[in-house]
Amino acid sequence: MKILVVDDNKTNLILLKKLAGTVAGCTGIGFSSPEEVLNAMPELDFDIGVIDFQMPVYNGVDLLVEIRRFDKYRDKPFVVVTADGDTATRMTALNAGAIDFLTKPVNPVEFQARIRNLVALMEARNQLAEKAEWIRREVARAVEELREREQEIIYRLTLAATYKDTDTALHTLRVGAYAEAIARAYGLPAEICSDIRVAAPMHDIGKVGIPDAMLLKRYTYVDAEATQVRSYSSVGGHILGQSRSSLLQLAAEIAGAHHERWDGQGYPNRLAGEAVPLAGRIVAIADSFDGMTRARPYKEAWSLDRAIQHIKDRAGSQFDPACVAAFVAALPDIRKIMAVTPAGSVGEMAAVG
């Protein structure tokens, strides 16, 4: 370990450096004035400081206060060397951050004993820091593995849709990619944007409770049928909302809110404005846009310009105006995502973004 020694008396400085070198595993780094020490910071590296109290310009306590202004040195242990046994002097040094004292003239045996104790303290502290860092890495790895499993569950559930309707599976993945692009343009943190991309494909999971014949119906629903079809938002929110996973809870929030409207005329709960969760407001645009620009058994695909104008026209009524602005800003990225389909595969779409 490196022992910082500061003393304006050259004889004392030489003695203290030599004594530091007699402690196993230690070397002394000497400075003859506080100014030299401060000029060497923050590049200066040391583990333990031994500072003389009585020095010109800066005394030892003044120097200690200045050193501790650097975050790098705040946890370093310091010993103050003083000929003054006055309690007030020692209390001042303790308050400045000193943890031990040596009395002049310095007894070599006492010096070695105190430095050995501090070395043992630093070694124990370093071991604890290493263990804490190891625990932090292990926790981060476990969290990442859990997140990967959650993402795979969502992806596999989305993939299952290809066995009945390939375009439906592609739709869910496109919506996730569009939603991430909109969220990014909205200014959300990258981690949240990524979560939205992963969770958004589950927005239609509640349709498992709706008969396929009704979902693919080519003509207008009667009131009872419309009510049944619309219930899938609540079903999806209920299915996913029972999970303790934050990612699946986000998916539940999206599933339950992506058919709400900014003006409060949506379903299932007629929420309005910012009462509609932000992720739901974003996915509402992504879902509508993809639905308009893709042909289905019951409709023709709209042109890109027509779909964009439709969303712009409904800013402040169906859609959150701020989210519409983000959608417009994200159009270059959205066009790139669109280029992957319709010929793309589910695997290709999963890699988008």
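Summary of the structure given here. Residue positions are given per chain, counting from 1 as you read along its sequence in written order. With pLDDT at 70 or above as the cut-off, local features in this predicted model cover only qualifying residues; side-chain atom pairs require 80 or more to be listed or tallied, and sums for whole chains, interfaces and linings still use all residues. Calculation of side-chain values draws on the structure's entire complement of heavy atoms; hydrogens and water are dropped beforehand.

This part is about the overall build of the protein. Looking only at helices and strands, one finds 16 helices and five strands in the protein. Burial status follows relative accessibility: with a 1.4 Å probe on protein chains alone, a residue under 20% of its type maximum counts as buried, one over 50% as exposed, and anything between as partly exposed. A buried classification covers 42% of the 353 residues belonging to the protein. Residue contacts are counted whenever heavy atoms from the two residues lie within 4.5 Å of one another. The contacts of the protein with a sequence gap of at least 6 include a subset with a gap of at least 24, amounting to 63%. With an accessible surface of roughly 18100 Å², the protein has 54% of that area assigned to carbon and sulfur atoms. Each helix is a run of H or I in the DSSP string that is no shorter than four residues. Each strand is a run of E no shorter than two, and both are numbered from the N terminus. Here, Shrake-Rupley sampling with a 1.4 Å probe gives the accessible areas, and only protein chains in the shown set may cover a residue.

Patch construction takes residues with relative accessible area above 30% that form no salt bridge. Like charges are linked within 9 Å, and nonpolar side chains (Val, Leu, Ile, Met, Phe, Trp, Tyr) are linked within 5 Å. Should a side-chain nitrogen of Lys or Arg be within 4 Å of a carboxyl oxygen of Asp or Glu, the pair is scored as a salt bridge. Together, Trp134, Ile135, Val139 and Val143 make up an exposed nonpolar region whose accessible area comes to about 380 Å². Residue placement: tryptophan 134 occurs in helix α5 (residues 108-160).

This next bit is on the side chain of arginine 281. Note on placement: arginine 281 falls in helix α12 (residues 278-293). Under the rule applied, a polar contact is a pair of N or O atoms within 3.5 Å (in protein, one hydrogen donor and one hydrogen acceptor; residues adjacent in sequence only if both atoms are side-chain atoms). A distance of 2.6 Å separates a polar side-chain atom of arginine 281 from the backbone oxygen of valine 276. Excluding its chain neighbours within four sequence positions, the residues that come into contact with arginine 281 are Tyr186, Trp262, Gly273, Glu274, Val276, Asp320 and Cys323.

The next point concerns the packing of aromatic side chains. Two rings from Phe, Tyr or Trp (for Trp, the six-membered ring) form a pair when their centres are within 6.5 Å of each other. A pair whose planes differ by under 30 degrees is stacked, one over 60 is edge-to-face, and the rest are tilted. Tallied over the entire structure, the rule returns five aromatic pairs. For the pair phenylalanine 70 and tyrosine 73, a centre-to-centre distance of 5.8 Å together with 75° between the ring planes defines the contact as edge-to-face. Looking at tyrosine 73, the relative accessible area reads 0%, which means it is buried. Taken together, the aromatic side chains of Phe46, Phe70, Tyr73 and Phe78 make up a single cluster linked through ring pairs.

Two strands are counted as paired when DSSP detects at least two bridges linking them. What the five strands build is an open sheet, ordered β2-β1-β3-β4-β5; its pairing is parallel. Each edge of the open sheet carries a strand with a single partner, namely β2 (27-31) and β5 (100-103). This sheet shows a mean twist of 20° between the axes of neighbouring strands, independent of strand direction. Alignment of strand β1 (residues 2-6) against strand β3 (residues 48-52), held across four bridges, turns out to be parallel. The residue of β3 that forms the bridge with valine 6 is isoleucine 51. To get an axis, a line is fitted to the C-alpha atoms, and for a helix only the part in contact is used. The angle between two axes follows their N-to-C directions and goes from 0 to 180 degrees. Contacts from helix α1 (residues 10-22) reach β1 and β2, with the element oriented near 160° to β2. Most of the contacts of helix α3 (residues 60-67) go to β3, to which it runs at about 150°, and overall it touches β1, β3 and β4 (78-82).

The next thing to look at is the packing of helix α14 (residues 321-329) against helix α15 (residues 331-338). It is the contact of α14 with α15, at a shortest axis distance of 5 Å, that shows an interaxial angle of 60°. For the pair formed by α14 and α15, the contact residues are Phe327, Val328 and Ala329 on the first element and Leu331, Pro332 and Ile334 on the second. Of the residues contributing to the contact of α14 with α15, the split by class is six nonpolar, no polar and no charged. Each residue gets one label: Ala, Val, Leu, Ile, Met, Phe, Trp, Tyr, Cys and Pro are nonpolar, Asp, Glu, Lys and Arg are charged, and the others, such as Gly, are polar.

What follows is about the pairing of β5. Across four bridges, β4 lies against β5 in parallel orientation. If you follow valine 79 over to β5, its bridge partner there is aspartate 100. When the strands point away from the viewer and the connection leading from the first strand across the helix to the second strand turns clockwise, the crossover is called right-handed. For the handedness criterion, the β-α-β arrangement of β4, helix α4 (residues 87-96) and β5 is classed as right-handed.

Counted under the stated rule, the structure contains 18 salt bridges. A salt bridge links glutamate 138 to arginine 141; the nearest nitrogen and oxygen atoms lie 2.7 Å apart. Of this pair, glutamate 138 and arginine 141 both sit in helix α5, three residues apart, which is roughly one turn of the helix. Judged by its relative accessible area of 27%, glutamate 138 falls in the partly exposed class. One network of salt bridges, in which partners are shared, links Glu180, Arg184, Arg197 and Asp333.

As a further point, take the nonpolar core. Buried Ala, Val, Leu, Ile, Met, Phe, Trp, Tyr and Cys residues that are joined via side-chain atoms within 4.5 Å together make up what is termed a nonpolar core. Grouped together as the largest cluster of nonpolar side chains are 45 residues, with contacts concentrated most on Phe289, Phe327 and Ile334. Secondary structure elements with two or more residues in this core: α6 (166-186), α7 (190-199), α11 (246-257), α12, α13 (304-313), α14 and α15. Sort the elements by how many residues they give to this core and α12 lands first, with eight residues. Leu44, Phe53, Leu63 and Ala93 belong to the second largest nonpolar core, which has 22 residues in total.

Note that all results are geometric; they support no functional claim without further evidence.
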